[in-house]
Structure formats: C-alpha cells, structure tokens
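Read off the chains here:
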Amino acid sequence: MNKEFIDKMEEKLLTEKKEILDSFASHNAASQKILGETASGDSVDEASDAVDLNLLDSMDANDMKRLEIINAALARINMGKYGYCMKCGKEIPEARLEAIPYAVLCVNCKTADERRSR
C-alpha cells in the first residue's frame, strides 16, 4: 500500500475523530442545558428531558465506540500495519478502505464472519 494513500486515509480518520470530539462537546452542552432546565420544569417536561438525555447517552456510546475504532486504525498506521486484514493478513483493497477507513477485515473475511454470526 502506498504512502500517499495511507496519508490520505490518516487525514480522513483524523477528520472523523475531530467530528466525534466536536459532537461530544455539543452533546455535553446540550446535556447541561437539559439538566439546568429540568430543575424548573413540570413532570411532562422532566419526562421529555429524560428521554432526550437517554438519546444523547446512546449517541455518545455509539460515538465512543467509533472513536475507539478510529484510534485503533490510527495506531495501525503508526505501526505500519494499516490496510492489512487482521484475519488472513492479505491487503485490504483501497476501495474498501475508502468506504470504511477503519476496516480491519478484507471483504472475504468479513463476509465469512457475518455468515458465522447468523
């Protein structure tokens, strides 16, 4: 895999990481606003706010998982192991990495895993 492509993928991963971190910051601000408003609201407002907080928490959990996967991909870049299937060791096609820059399995191995999971 050529360095130019890996650099491009690293930039893409760093951009996604920044978007997630920015999202965390805005979710935190939204949570603080909801918590501040809950103290003076009625029971219907409090129930609605609780639903909003649960939604923010689940979004944060999904983003946290994505952040971990992105950090792992960045670590593989630093170790020189980026772009290789962690199961069979073959090079992951660039088209797959373009679509999923943090992919750890080639299409064949991913398909086989999904079949076993059914």
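Residues numbered from 1 in each chain as written. Predicted model: local features only at pLDDT ≥ 70, side-chain atom pairs only at ≥ 80, totals over all residues. Heavy atoms only, no water.

Helix and strand content of the protein: 4 helices and 0 strands. Scored against the burial criterion, the 118 residues of the protein give a buried share of 27%. In the protein, once contacts between residues fewer than 6 apart in sequence are set aside, the share between residues at least 24 apart is 61%. (Helix = DSSP H or I, 4+ residues; strand = E, 2+ residues; numbered from the N terminus. Buried < 20%, exposed > 50% of the residue type's maximum accessible area, 1.4 Å probe, protein only. Contact = heavy atoms within 4.5 Å.)

Right, let's get into the pattern of salt bridges. Charged atoms that come close allow side chains of opposite charge to pair. Counted according to the given criterion, the structure contains 7 salt bridges. Between Glu98 and Lys8 there is a salt bridge; the shortest N-O distance is 2.7 Å. Taken together, the positions of Glu98 in helix α3 (residues 94-99) and Lys8 in helix α1 (residues 3-38) put the pair 90 residues apart, joining distant regions of the chain. For Lys8, a relative accessible area of 45% corresponds to the partly exposed category. Among the ionic pairs, Glu16 bridges to Arg66, the shortest N-O distance being 3.6 Å. Pair noted here: Glu16 is in helix α1 and Arg66 is in helix α2 (residues 43-79), with a separation of 50 residues, a long-range link. Take Glu16: its relative accessible area is 14%, and that puts it in the buried class. Residue class for Arg66 comes out partly exposed when judged on its relative accessible area of 28%. When salt bridges with common partners are traced through the structure, they connect Glu16, Asp63 and Arg66 into a single cluster. (Salt bridge = Lys/Arg side-chain N within 4 Å of Asp/Glu carboxyl O.)

A few words now on the UniProt feature "domain: Zinc finger DksA/TraR C4-type" (unreviewed entry) in the protein. Per the UniProt record, "domain: Zinc finger DksA/TraR C4-type" (unreviewed entry) is found at residues 80-115. As annotated, residues 80-115 comprises 42% helix and 0% strand, and the C-alpha atoms at either end are separated by 30 Å. (UniProt positions renumbered as here; feature names shortened; annotations may be inferred.)

Okay, the confidence of the model for the protein next. In this model, the protein carries an average pLDDT of 82, and 72% of its residues clear a pLDDT of 70 or more. Ranking the helices and strands of the protein by mean pLDDT puts α3 first, with 96, and α2 last, with 73. (pLDDT = per-residue confidence, 0-100.)

This part is about the side chain of Arg96. Summarising the element assignment, Arg96 is placed in helix α3. With residues up to four places along the chain from it excluded, the contact list for Arg96 reads Ala103, Leu105, Cys106, Val107 and Lys110.

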